[in-house]
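This is what each chain is made of:
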Amino acid sequence: MHTTQDTLIAGIRKWVEIESPSQRPDTIAALANVIAGDAAALGLKTSLHKVGSFDAPALRISNRADGDTRKGIVVLGHMDTVHPVGTLQENPFRIEDGRAYGPGIYDMKAGDYLAMSALAHEPETVLPVDILLTPDEEISSVHSRGFIEDFARTYAKYVLVAEPARPNGGRLVTERKGIGRIRLCTCGRQAHAGLQHALGRSAIKEMARQVLALENLTDYERGITVSVGTIHGGTTPNVVPGRCEAEADFRVPDMDALQQLQQRIESLRTTDADVSLEASLNLRRPPMNKTAQTQALLETVLQLAAQAGLNIEEAPMTGGASDANFTAALGIPSIDGLGADGDGAHTLHEHILVDTLVKRHEFWRLVLRGLG
């Protein structure tokens, strides 16, 4: 069964024009209902699932026959975007110079649509296929992580992720860094900044030293980055600040690097004995590292891409994380970046390349049919 570029564009546009920012569960839930209706109209099974305390559901789309409990192909995607409601006014759906624009079109509504449409157009898959679209990936899947992991353990022989293809050739992703947060809190002693300055112990002054120490943990050769993103402290300018808090983002290529970073955080000390320091490290997504099984899956997928007329390569390890981090950490062969070709994720120039859509759709169809 053949699908046209115009059909793909129409379906993608419909989903893009339902804005679904992460901070608005109501809009994500509305999109989930629309996608479920579109999938059901194409003959696919759908079901909505509660994830944690979040008020928007995960959506399962499947061709799995009743009673078929085999492990098969699990396709992961997400319905939420980073763009607030109203972004469509600044960045409306449009096609210019072969590029289709719109909030969330590249990351990752076009990829979601390609996977769903390909499954509907490929009725004879060797393995059962389940597409799982989650509502909170852009906020680190804090509500859906457990659901994703349980689902993958139960149903996945392979995991394919419809996150956008890497720019400059639509490359696939087999390795992603782990991502987490470091939180620091310094507690000093408040004092009047004019009358009793010498009695004060500045928490901000100490935090400034700790920020430099954190930033110096970045090791590009090792693939470790630490970036302090927020600092909050003090009360008013005429008070020596007694408390300061900072939060940093970190990325690590593997668990050994995480352990190394953990040890460095635990070894942080204040330079003033009258100021205390609290430090904690929280890994939000484990590293996605390539295994021999993933390499074998990649080789098969690349062969199928060639059959679809796509010359796709493997991308180097990326610092961005996705839900593939979770499934790869479970030991399930996982490949990411199978979504639409384009660029500009999380920006107002986010776009997909229109003339690649039919081939990417055919690529999905061949992969869903060919994996066994």
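Refer to the structure presented above.
Residues numbered from 1 in each chain as written. Predicted model: local features only at pLDDT ≥ 70, side-chain atom pairs only at ≥ 80, totals over all residues. Heavy atoms only, no water.

### Describing the packing of helix H1 (residues 5–16) against helix H4 (residues 105–120)
The contact between H1 and H4 brings their axes to 9 Å, and the two run at 130°. If you check the angle between H1 and H4, you find them oblique. In this structure, H1 crosses over H4, and the sense of that crossing is right-handed. Judged by residue contacts, Thr-7, Leu-8, Gly-11, Ile-12, Trp-15 and Val-16 of H1 engage Ile-105, Lys-109, Ala-110, Asp-112, Tyr-113, Leu-114, Met-116 and Ser-117 from H4. Partitioning the contact of H1 with H4 into residue classes produces nine nonpolar, three polar and two charged. (Axes fitted to C-alpha atoms, helices over the stretch in contact; angles between N-to-C directions. Helix = DSSP H or I, 4+ residues; strand = E, 2+ residues; numbered from the N terminus. Parallel < 35°, antiparallel > 145°, perpendicular 65-115°, else oblique. Left-handed = near helix turned anticlockwise from the far one by under 90°. Contact = heavy atoms within 4.5 Å. Nonpolar A, V, L, I, M, F, W, Y, C, P; charged D, E, K, R; others polar.)

### Things to note about the packing of aromatic side chains
Inspection of the entire model under this criterion finds three aromatic pairs. Members of the aromatic cluster, joined through ring pairs, are Phe-147, Phe-151 and Tyr-155. Of note, Arg-60 hangs over the ring of Tyr-155, and the distance from its end group to the ring centre comes to 4.5 Å. Above the ring of Tyr-101, the side-chain terminus of Arg-94 is found at 4.4 Å from the ring centroid. (Phe/Tyr/Trp six-rings, centres within 6.5 Å; stacked < 30°, edge-to-face > 60°. Lys NZ or Arg CZ within 6 Å of the ring centre and 35° of its normal.)

### A word on the side chain of Arg-64
Checked against the element boundaries, Arg-64 lands in the loop between strand E2 (58–62) and strand E3 (72–78). Here Arg-70 takes part through its backbone oxygen, which lies 2.7 Å from a polar atom of the side chain of Arg-64. (Polar contact = N/O pair within 3.5 Å; in protein donor to acceptor, adjacent residues only side chain to side chain.)

### Here we look at the pairing of strand E6 (residues 129–134)
The buried fraction of E6 is high, at six of six residues. With burial as the criterion, each face of E6 is covered, one bearing Val-129, Ile-131 and Leu-133 and the other bearing Asp-130, Leu-132 and Thr-134. Judged from the four bridges that link them, E2 and E6 form a sheet pairing that is antiparallel. When the sheet's bridge partners are listed, Arg-60 is paired in E6 with Leu-132. The sheet contact formed by E3 and E6 spans six bridges and is parallel. Within the sheet, the bridge partner assigned to Leu-76 lies in E6 and is Leu-132. (Buried < 20%, exposed > 50% of the residue type's maximum accessible area, 1.4 Å probe, protein only. Pairing = 2+ DSSP bridges.)

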